[in-house]
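In case you want the letters, here they are:
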Amino acid sequence: MSSYRNKLATLIALYFGLVLQAHAWNPLAKKEGIAITVNAPFLELRTGPGRGFPVTHVIERGDNLQVKKSKTDWYLVSTTQELTGWVHAEELDGSLLEDGSEAQFSRSKERLHEERRWELGMAAGDFSGARSLSTSLQYHLTENISSELRYTHAFGDSSNIKLYGLNAIHQPFPKWRFSPFVTLGAGFMQTQPHSELAEAIDREDNTLMVGGGLFIYASRNFMLRTEYNSHTVLTSRADNEEVHEWKAGFSVFF
């Protein structure tokens, strides 16, 4: 029971830590609705978000702009003379913010994965000695924190196990190419014996989970993922069970 209480205390502490960090996340990362001063020799305003659209106005260095909204790598801006047009992010790089610092609008392809919201993953591994396959759906609440629905099916010699989980994932360094993460969650486990003669066991149990691993950025929308999870199975017997899980897989995000 001490192991269960320690994991429950860890779960509660990390939960409130993640909530506090979520409230501290900066929603202005998209750089929309802010004022800038042009620092490039000139900017070309176009009628639409693409180089195929015609240029309507040329803005000179020192002019003030209001960034209104974005579409992919293009930003809709307006001048003090109420002229509007679309400018590519690279042309806005180096513009001055109100505090005098330089703004960065362009996004390298290697950093686009940081802006993902939905992520679909698959993995295979070892679930306490049994072969396992997992699938997950992840939603990124902030650049550091995401929630995840996960289903794991383990194939053992005497029984099969189905595990349904709801997890929270925290990436302290989401901009790193090799990005470590910690995860915690709760779930529901079903155990299905292969034979009616098998020893009587709990067929349905609640679980708590603490784990961690590594995301490895591979391409614009593809990640490799390795992780270890420690599950506490809350059985109806005197002692709870500890289940150790190792897995590796991949995920695509969009």
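One structure accompanies this document, and this report is about it. Here the residue numbers are simple positions, counted from 1 along each chain's written sequence. A pLDDT threshold of at least 70 governs which residues receive local features in this predicted model, and a stricter bar of 80 or more applies before side-chain atom pairs are shown or counted, although totals over entire chains, interfaces and linings include all residues. As a rule here, side-chain values cover all heavy atoms of the structure and leave hydrogens and water aside.

**A word on the overall build of the protein**
A tally of helices and strands in the protein yields 2 helices and 14 strands. When accessible area is computed with a 1.4 Å probe and restricted to protein chains, residues below 20% of their type maximum are described as buried, those above 50% as exposed, and intermediate ones as partly exposed. Per-residue burial over the protein gives 38% buried out of 254 residues. By definition, residues are in contact when any of their heavy atoms lie within 4.5 Å. Within the protein, counting contacts between residues at least 6 apart in sequence, those at least 24 apart form 51% of the total. Accessible area for the protein stands at about 14200 Å²; split by element, carbon and sulfur atoms hold 58% of it. Starting at the N terminus, helices and strands are each numbered in turn, a helix being any DSSP run of H or I of at least four residues and a strand any DSSP run of E of at least two. Residue exposure ignores everything except the shown protein chains as possible cover, and the areas themselves are Shrake-Rupley values with a 1.4 Å probe.

**Some points on the sheet that holds strand S9 (residues 145-155)**
With antiparallel pairing, the 8 strands of this closed barrel are ordered in space as S7-S8-S9-S10-S11-S12-S13-S14. Going from strand to strand, the sheet's axes swing by 25 degrees on average, the running direction of each strand aside. In this analysis, strands are considered paired if DSSP registers two or more bridges between them. One ladder, built from 9 bridges, connects strand S7 (residues 118-127) with strand S14 (residues 241-253); its direction is antiparallel. Paired with Glu119 across the two strands is Phe253, which belongs to S14. Lines fitted to C-alpha atoms define the axes, with helix axes restricted to the stretch in contact, and inter-axis angles between N-to-C directions lie between 0 and 180 degrees.

**Some thoughts on unusual backbone geometry**
Unlike most non-glycine residues, Glu82 shows phi in positive territory, near 65 degrees. Locating Glu82 in the fold gives a position in the loop between strand S5 (74-79) and strand S6 (84-88). The phi angle at Ser128 is positive, at roughly 55 degrees, despite the residue not being glycine. Relative to the helices and strands, Ser128 is located in the loop between S7 and strand S8 (130-140).

**Some points on the side chain of Ser132**
Residue placement: Ser132 occurs in strand S8. With residues up to four places along the chain from it excluded, the contact list for Ser132 reads Ala123, Ala124, Gly125, Asp126, Phe127, Thr152, His153 and Ala154.

**With respect to the nonpolar core**
Counting 16 residues, the largest nonpolar core has Leu43 and Phe105 as its most contacted members. Listing elements by their share of this core, those giving two or more residues are strand S1 (34-37), strand S2 (42-46), strand S4 (64-71), S5 and helix H2 (89-92). As used here, the term nonpolar core means buried Ala, Val, Leu, Ile, Met, Phe, Trp, Tyr and Cys residues forming a set that is joined through side-chain atoms within 4.5 Å. Core analysis: the second largest hydrophobic core is formed by 8 residues, Ala130, Ala154, Met189 and Val243 among them.

**A short note on the pairing of S4**
Across 4 bridges, the pairing between S1 and S4 is antiparallel. By the bridge assignment for S4, Ile34 is matched with Val67. Here 6 bridges tie S4 to S5, and the two strands are oriented antiparallel to one another. Bridge pairing in S5 links Gln66 to Ser78. Between S4 and S5, which pair antiparallel in sequence order, lie 2 residues; one of them, Thr72, sits at a positive phi of approximately 55 degrees.

**As for the environment of Gly156**
Mapped onto the elements of the fold, Gly156 is located in the loop between S9 and strand S10 (159-170). C-alpha of Gly156 to C-alpha of Phe127: the two residues are 29 residues apart in sequence and 8.7 Å apart in space. With sequence-adjacent residues up to four places away left out, Gly156 is seen in contact with Ala130 and His194.

**Let's talk about empty space enclosed by the protein**
Two kinds of site are reported from a 1 Å grid over the protein atoms alone, namely cavities, where a 1.4 Å probe fits but cannot get out, and pockets, open sets with protein on both sides within 12 Å along at least five of seven lines, and residues are called lining when an atom falls within 4 Å of a point. Grid points are joined across faces, edges and corners, and a volume is the space filled by probe spheres set on the points. Counted according to the given criterion, the structure contains 3 cavities of 30 Å³ or more. Looking at the largest cavity, its volume works out to about 120 Å³. Taken together, 18 residues make up the lining of the largest cavity; nearest its centre are Gly121, Met122, Ala123, Ser136 and Arg225. Elements supplying a minimum of two residues to the lining of the largest cavity: S7, S8, S9, strand S13 (222-234) and S14. We call Asp, Glu, Lys and Arg charged. Ala, Val, Leu, Ile, Met, Phe, Trp, Tyr, Cys and Pro are nonpolar, and the rest, Gly among them, are polar. By residue class, the composition of the lining of the largest cavity is 5 nonpolar, 7 polar and 6 charged. Together, 13 residues line the second largest cavity, and Leu163, Gly165, Asn167, Met209 and His231 are the ones closest to its centre. When its residues are assigned to classes, the lining of the second largest cavity shows 4 nonpolar, 7 polar and 2 charged.

**What to know about the pairing of strand S12 (residues 204-219)**
Inspection of the sheet shows strand S11 (residues 178-193) paired to S12 by 13 bridges, in the antiparallel sense. Each residue of the ladder has a partner; that of Ala186, found in S12, is Leu208. Two elements, S12 and S13, share 13 bridges in a ladder whose sense is antiparallel. When the bridges of S13 are listed, Ser219 appears paired with Phe222.

Any functional reading would require information beyond the geometric quantities listed.
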